[in-house]
Amino acid sequence: MGELSCFLAQNALKAENEMYVVSKRFLGTDRKPMKWEIQAITSTEDETIRKECTKRVPVVGKKGQFTQETDYNLYLGKLAARCTLFPNLNDKELQDSYHVMGADALLKVMLTAGEYANYIEKVQEVNGFDVPMDELVDEAKN
(Lines give C-alpha, C1' and ligand atoms only; values in the text may rest on other atoms or scores of the structure.)
Protein backbone atom coordinates (compact mmCIF):
# COMPACT_ATOMS: atom_id res chain seq x y z
CA MET A 1 0.00 0.00 0.00
CA GLY A 2 2.91 2.36 0.58
CA GLU A 3 3.62 5.06 3.07
CA LEU A 4 0.49 7.09 3.61
CA SER A 5 2.39 9.50 5.85
CA CYS A 6 4.20 10.99 2.84
CA PHE A 7 0.85 12.52 1.79
CA LEU A 8 0.25 14.32 5.09
CA ALA A 9 0.17 18.10 4.79
CA GLN A 10 3.16 18.61 7.08
CA ASN A 11 5.27 16.27 4.89
CA ALA A 12 4.34 17.76 1.51
CA LEU A 13 6.92 19.99 -0.11
CA LYS A 14 5.75 23.57 -0.50
CA ALA A 15 5.75 24.93 -4.04
CA GLU A 16 8.61 27.39 -4.41
CA ASN A 17 7.92 30.93 -5.57
CA GLU A 18 9.66 31.82 -8.81
CA MET A 19 11.50 34.98 -9.76
CA TYR A 20 11.02 36.02 -13.39
CA VAL A 21 12.02 38.99 -15.52
CA VAL A 22 8.76 39.96 -17.20
CA SER A 23 10.08 43.02 -19.01
CA LYS A 24 13.41 44.67 -19.65
CA ARG A 25 11.63 48.02 -19.39
CA PHE A 26 11.39 48.03 -15.58
CA LEU A 27 14.88 48.67 -14.22
CA GLY A 28 16.06 48.61 -10.62
CA THR A 29 18.49 51.07 -9.08
CA ASP A 30 21.33 48.86 -10.38
CA ARG A 31 19.97 49.40 -13.94
CA LYS A 32 19.16 45.67 -14.27
CA PRO A 33 15.67 44.42 -15.16
CA MET A 34 13.49 43.87 -12.08
CA LYS A 35 12.41 40.32 -11.29
CA TRP A 36 8.78 39.66 -10.46
CA GLU A 37 7.83 37.10 -7.84
CA ILE A 38 5.23 34.50 -8.84
CA GLN A 39 3.56 31.98 -6.55
CA ALA A 40 1.47 28.91 -7.30
CA ILE A 41 -2.06 28.79 -5.91
CA THR A 42 -4.17 25.89 -4.70
CA SER A 43 -6.78 24.26 -6.88
CA THR A 44 -9.42 25.65 -4.48
CA GLU A 45 -8.23 29.20 -5.20
CA ASP A 46 -8.12 28.42 -8.92
CA GLU A 47 -11.69 27.12 -8.80
CA THR A 48 -12.84 30.33 -7.11
CA ILE A 49 -11.24 32.42 -9.87
CA ARG A 50 -12.82 30.22 -12.57
CA LYS A 51 -16.26 30.62 -10.97
CA GLU A 52 -15.81 34.41 -10.92
CA CYS A 53 -15.16 34.28 -14.66
CA THR A 54 -18.05 31.96 -15.54
CA LYS A 55 -21.56 33.10 -16.32
CA ARG A 56 -24.81 31.47 -17.34
CA VAL A 57 -25.88 32.18 -20.89
CA PRO A 58 -29.11 31.15 -22.58
CA VAL A 59 -28.95 28.33 -25.13
CA VAL A 60 -30.00 29.70 -28.52
CA GLY A 61 -33.27 28.18 -29.66
CA LYS A 62 -33.95 26.41 -26.33
CA LYS A 63 -36.25 28.50 -24.19
CA GLY A 64 -35.44 28.32 -20.49
CA GLN A 65 -32.18 26.42 -20.98
CA PHE A 66 -28.82 27.80 -19.99
CA THR A 67 -25.20 26.76 -20.30
CA GLN A 68 -22.07 27.99 -18.58
CA GLU A 69 -19.50 30.03 -20.43
CA THR A 70 -16.06 30.92 -19.06
CA ASP A 71 -14.31 34.10 -20.16
CA TYR A 72 -10.78 32.68 -20.42
CA ASN A 73 -9.14 36.06 -21.06
CA LEU A 74 -10.65 37.34 -17.83
CA TYR A 75 -9.69 34.11 -16.03
CA LEU A 76 -6.04 34.27 -17.15
CA GLY A 77 -5.79 37.94 -16.16
CA LYS A 78 -7.20 37.25 -12.70
CA LEU A 79 -4.99 34.18 -12.31
CA ALA A 80 -1.86 36.16 -13.20
CA ALA A 81 -2.83 38.98 -10.85
CA ARG A 82 -3.51 36.54 -7.98
CA CYS A 83 -0.18 34.74 -8.48
CA THR A 84 1.92 37.92 -8.62
CA LEU A 85 3.50 38.67 -5.25
CA PHE A 86 5.94 41.34 -6.42
CA PRO A 87 5.28 43.95 -7.57
CA ASN A 88 2.18 44.47 -5.45
CA LEU A 89 -0.43 44.92 -8.17
CA ASN A 90 -3.00 46.02 -5.58
CA ASP A 91 -0.92 49.06 -4.61
CA LYS A 92 -3.03 52.19 -5.02
CA GLU A 93 -0.09 54.36 -6.08
CA LEU A 94 0.92 51.88 -8.76
CA GLN A 95 -2.64 51.58 -10.09
CA ASP A 96 -3.08 55.37 -10.00
CA SER A 97 0.13 55.86 -12.00
CA TYR A 98 -1.41 53.81 -14.83
CA HIS A 99 -4.92 55.25 -14.31
CA VAL A 100 -6.57 51.85 -13.71
CA MET A 101 -8.42 50.07 -10.94
CA GLY A 102 -7.76 46.40 -10.27
CA ALA A 103 -4.70 44.19 -10.37
CA ASP A 104 -5.67 42.36 -13.57
CA ALA A 105 -6.37 45.66 -15.37
CA LEU A 106 -3.00 46.97 -14.18
CA LEU A 107 -1.14 44.03 -15.69
CA LYS A 108 -2.73 44.65 -19.07
CA VAL A 109 -1.64 48.28 -19.23
CA MET A 110 1.79 47.81 -17.61
CA LEU A 111 2.93 45.19 -20.08
CA THR A 112 3.11 45.14 -23.86
CA ALA A 113 1.01 42.51 -25.63
CA GLY A 114 3.99 40.16 -26.02
CA GLU A 115 5.17 40.65 -22.43
CA TYR A 116 1.66 39.96 -21.17
CA ALA A 117 1.35 36.78 -23.25
CA ASN A 118 4.74 35.53 -22.02
CA TYR A 119 3.83 36.36 -18.43
CA ILE A 120 0.51 34.50 -18.66
CA GLU A 121 2.43 31.50 -20.01
CA LYS A 122 4.92 31.68 -17.11
CA VAL A 123 2.13 31.94 -14.51
CA GLN A 124 0.48 28.86 -15.98
CA GLU A 125 3.82 27.02 -15.88
CA VAL A 126 4.36 27.93 -12.21
CA ASN A 127 0.90 26.51 -11.48
CA GLY A 128 1.64 23.24 -13.26
CA PHE A 129 -0.28 23.90 -16.48
CA ASP A 130 2.87 23.58 -18.57
CA VAL A 131 2.47 19.99 -19.79
CA PRO A 132 1.34 20.01 -23.43
CA MET A 133 -1.84 18.02 -24.17
CA ASP A 134 -0.03 15.65 -26.59
CA GLU A 135 2.38 14.66 -23.79
CA LEU A 136 -0.59 13.88 -21.54
CA VAL A 137 -2.17 11.76 -24.29
CA ASP A 138 1.09 9.84 -24.80
CA GLU A 139 1.36 9.25 -21.04
CA ALA A 140 -2.20 7.97 -20.91
CA LYS A 141 -1.51 5.52 -23.75
CA ASN A 142 1.46 4.00 -21.89
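Keep in mind that what you see is a predicted model, and the values were worked out from it rather than measured.

Draft legend 1. Main features of unusual backbone geometry. Backbone torsion omega between Phe-86 and Pro-87 reads 5°, so that peptide bond is classified as cis. Mapped onto the elements of the fold, Pro-87 is located in the loop between β5 (84-86) and α3 (92-98). Of note in the backbone geometry, Arg-31 takes a positive phi value of approximately 70° without being a glycine. Positive phi outside glycine occurs at His-99, with the angle close to 60°. Checked against the element boundaries, His-99 lands in the loop between α3 and α4 (103-110).

Draft legend 2. Examining the pattern of salt bridges more closely. On inspection of all chains with the given rule, the structure shows eight salt bridges. Residue Arg-25 is joined to Glu-115 by a salt bridge in which the shortest nitrogen-to-oxygen separation is 2.9 Å. Of the two residues, Arg-25 sits in the loop between β1 (18-21) and β2 (35-38) while Glu-115 sits in helix α5 (residues 113-126), which places them 90 residues apart along the sequence. Look at Arg-25 and you get partly exposed, because its relative accessible area is 45%.

Cut-offs applied
Residues numbered from 1 in each chain as written. Predicted model: local features only at pLDDT ≥ 70, side-chain atom pairs only at ≥ 80, totals over all residues. Heavy atoms only, no water. Helix = DSSP H or I, 4+ residues; strand = E, 2+ residues; numbered from the N terminus. Salt bridge = Lys/Arg side-chain N within 4 Å of Asp/Glu carboxyl O. Buried < 20%, exposed > 50% of the residue type's maximum accessible area, 1.4 Å probe, protein only.

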